[in-house]
Amino acid sequence: MKRYKTKYPGVFYRLVDRLGGPGQERMYYVVIKKGGKMVEEKAGRQYAHRMTDGKAARIRSELIEGRRKSRKELRKEATAKDARWTIDRLGAAYFESLETNPAKSRKALAVDRNRYDNFIKPRLGGKEPHELLPLDMERLRRELQKTNCTLRGENATPRTLSPATIRATLTLLKRICNYGAKSGLCPALPFKITMPKVSGVTVEDLNEEQLKRLHTAIEADNNADARGIMLMALYSGMRRGELFKLKWQDVDFDRGFIRIVGPKGGQDQTIPLNAAARKVLESHPRISEYVFPGEDGGQRVTIQKALRRIREAAGLPKTFRPLHGLRHAFASRLASSGAVDMYTLQKLLTHKSPVMTQRYAHLRDESLRKASELAGTLVDEAVNGKEGATKSAGSI
């Protein structure tokens, strides 16, 4: 990540996603010489820790003079006092490691922290991974299924957690334990966590008439970014976050490709720039390094208001998620065409696992069935003549 100098020697910052709010904030670092080596020390966040250039400079002075201990020294002291790497300690280390990870969005990190604080920490925070038993996982699952399971806060109300949320919570616990094992902090879990089954995957299906109305509403809207984002979702299948992060430097008009940086699957991906998507981008105004910029030309964080307006203009239900639905329309029409195999569709959607793409397999199967029926009709026509073929086709 790019380093930005300050007026103070040995003090710099990097721009990271802001915690608890939109946009970005500064993560301050100081550089000191220790043991003959230059060492970077994290000083704190601009908003979360109210850190400034001057405060970071004072922290650097205290570190140099020995009046402040480094994070590494504090961790060593904590280890000496308590060598137990509990779920609570591992969770803190795990989330700290993700703070500057560009592949982890601010929203996803906040959701994971919320799940950890409310569901995992109160129940298992004091245990080490090797102390956990399958019975603990079963108890956790049952407690989360209770209707009186609540989120903390002034306006917290009892609610039943969905199977998907319970599965995501157990997956988070598994990631925290795996982080500890891979970092050499603790032994691995002595058993495999059994994940609850999630019945079905939510998809937004649009029939031809609905898609036509939505397309008309998109073209009629006066928000250029909303039009461009929705049309790109339809023509390229790109995700919401990928469109928000898209920069002009990632669009190769000469070779006809789009580079997707930090997709949901993790590694950067490249997808073709088809003619329809090219037309959208070529006609879109360039006012920032981002194709669809947010405030002050920076990375966009939301466009919900415009999307709701377009959804209402198209007469679609409130449960319809516009960008997800248009991505699904892109995928389902490719699958049902019969011209695209599942592997190609997986690559176009940048799915990390083919399992995610399988939700569209039934559409391809239906297309293949129709093609097979057509083949049978053509054979009957060749053997029995058109009259026989018509009777054969009518009996199907």
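Residues numbered from 1 in each chain as written. Predicted model: local features only at pLDDT ≥ 70, side-chain atom pairs only at ≥ 80, totals over all residues. Heavy atoms only, no water.

Tallying secondary structure elements over the chain gives 15 helices and seven strands in all. By the burial criterion, 38% of the 396 residues in the chain qualify as buried. Within the chain, residue pairs in contact and separated by at least 24 positions form 56% of the contacts whose partners lie at least 6 positions apart. Accessible area for the chain stands at about 23,100 Å²; split by element, carbon and sulfur atoms hold 51% of it. (Helix = DSSP H or I, 4+ residues; strand = E, 2+ residues; numbered from the N terminus. Buried < 20%, exposed > 50% of the residue type's maximum accessible area, 1.4 Å probe, protein only. Contact = heavy atoms within 4.5 Å. Areas by Shrake-Rupley, 256 points an atom, 1.4 Å probe, with all protein chains shown as cover.)

Time to look at the sheet that holds strand β7 (residues 269–272). Ordered by their spatial adjacency, three strands build an open sheet running β5-β6-β7, and the pairing between neighbours is antiparallel. The open sheet has two edge strands with one neighbour each: β5 (251–252) and β7. Pairing of β5 with strand β6 (residues 257–260) involves two bridges; the strand directions are antiparallel. The partner of V251 across the bridge, within β6, is I258. (Pairing = 2+ DSSP bridges.)

Pairing of side chains with opposite charge becomes possible as their charged atoms draw close. In this structure the tally under the stated criterion is 24 salt bridges. In this structure, D88 and K121 form a salt bridge, with 3.8 Å as the shortest nitrogen-oxygen distance. Residue D88 is located in helix α3 (residues 87–98), and its partner K121 is located in helix α4 (residues 106–124); the two are separated by 33 residues in the primary sequence. On the basis of relative accessibility, which here comes to 29%, the residue D88 falls in the partly exposed class. The partly exposed category is assigned to K121, whose relative accessible area is 38%. Linking R175 and D112 is a salt bridge whose minimum nitrogen-to-oxygen distance equals 2.7 Å. One end of the pair, R175, is in helix α6 (residues 163–182); the other, D112, is in helix α4, with 63 residues separating them in the sequence. Given the relative accessible area of 30%, R175 is considered partly exposed. Each of R3, R14 and E40 takes part in a single network of salt bridges with overlapping partners. (Salt bridge = Lys/Arg side-chain N within 4 Å of Asp/Glu carboxyl O.)

Further remarks concern the packing of aromatic side chains. Where two aromatic rings form a pair, the distance of their centres and the angle of their planes describe that pair. Counted under the stated rule, the structure contains six aromatic pairs. An angle of 10° between the planes, with centres 5.1 Å apart, marks the rings of Y4 and Y13 as stacked. Y4 sits in the partly exposed class, given a relative accessible area of 27%. Among the residues examined, Y13 registers a relative accessible area of 11% and is labelled buried. Sitting over the face of the ring of Y47, R18 holds its NZ or CZ atom 4.1 Å from the ring centroid. Sitting over the face of the ring of W248, R286 holds its NZ or CZ atom 4.2 Å from the ring centroid. (Phe/Tyr/Trp six-rings, centres within 6.5 Å; stacked < 30°, edge-to-face > 60°. Lys NZ or Arg CZ within 6 Å of the ring centre and 35° of its normal.)

Among the secondary structure elements, I193 is positioned in the loop between α6 and α7 (208–220). Residues I193 and M137, 56 residues apart in the sequence, show an inter-C-alpha distance of 7.2 Å. Sequence-distant contacts of I193, defined by excluding residues within four places in its chain, comprise M137, L170, L173 and K174.

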